[in-house]
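What follows is each chain in one-letter form.
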Amino acid sequence: EYGDCEARISLAKQLLYDLESRQVDWLERASQLNGQLLLLPGDALLCSVLAAFAGPLSEQNRAALVKSIFTLFQGLEIPHNEGANVLTKCLGNQAEIQDWHLFGLPHE
């Protein structure tokens, strides 16, 4: 019984040590997630607008729409990720999108 308690205490100490050694990693990851959380509303709004209105547009007109949305976001101080690949991140990963292209969907 005493040996079991000692083993459990030893394991608990090791667990606490391991968790403490990972504290920097956890804090860094939490900071990254908080930064992404701040950008989420703007990114979701951008994806919603593009999904609703950009489908029938040519690649050139779609790029102009994205540029005007980014300008509007800056004027309204809406935080968002920069770059037109935000829609790609919202729709899925690169492998899924590549499969869509293989099945004949346009690259734009």
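As a reminder, the structure under discussion sits directly above these lines.
(A) Inspection of the side chain of H80 at higher detail. Mapped onto the secondary structure, H80 falls in the loop between α3 (59–76) and α4 (86–91). At a separation of 2.9 Å, a polar atom in the side chain of H80 contacts the main-chain carbonyl oxygen of I78. The residues touching H80, leaving out its near neighbours within four places in the chain, are L39, G42, D43, F70 and F73.

(B) Region of the structure containing unusual backbone geometry. Non-glycine residue E77 carries a positive phi angle of around 55 degrees. Take E77: it is sitting in the loop between α3 and α4.

(C) Broad picture of α3. The terminal C-alpha atoms of α3, which comprises 18 residues, lie 26 Å apart, in line with the 26 Å expected from a rise of 1.5 Å per residue. Among all positions in α3, only R62, V66, I69, F70 and F73 are buried. Axial view of α3: buried residues confined to an arc of 100 degrees, hence all on one face. Looking at α3, the residues exposed on the side facing more than 90 degrees away from the buried face are Q60, K67, T71, Q74 and G75. Structurally, α3 contributes buried residues whose contacts are with α2 (23–53). Directly beyond the C-terminal end of α3, a positive phi value near 55 degrees is found at E77.

(D) Geometry of the nonpolar core. The biggest cluster of nonpolar side chains holds 7 residues, and these are L46, L50, A54, V66, I69, F70 and F73. When contributions to this core are tallied by element, the ones reaching two or more residues are α2 and α3. For this core, the element with the highest residue contribution is α3, accounting for 4 residues. Sequence-distant contacts of I69, that is, excluding residues within four places in its chain, are made with L46, V49 and L50.

Each value, and the rule that gives it
Residues numbered from 1 in each chain as written. Predicted model: local features only at pLDDT ≥ 70, side-chain atom pairs only at ≥ 80, totals over all residues. Heavy atoms only, no water. Helix = DSSP H or I, 4+ residues; strand = E, 2+ residues; numbered from the N terminus. Polar contact = N/O pair within 3.5 Å; in protein donor to acceptor, adjacent residues only side chain to side chain. Contact = heavy atoms within 4.5 Å. Expected span 1.5 Å × (residues − 1). Buried < 20%, exposed > 50% of the residue type's maximum accessible area, 1.4 Å probe, protein only. Arc of directions from axis to C-beta. Core = buried A, V, L, I, M, F, W, Y, C linked by side-chain atoms within 4.5 Å.

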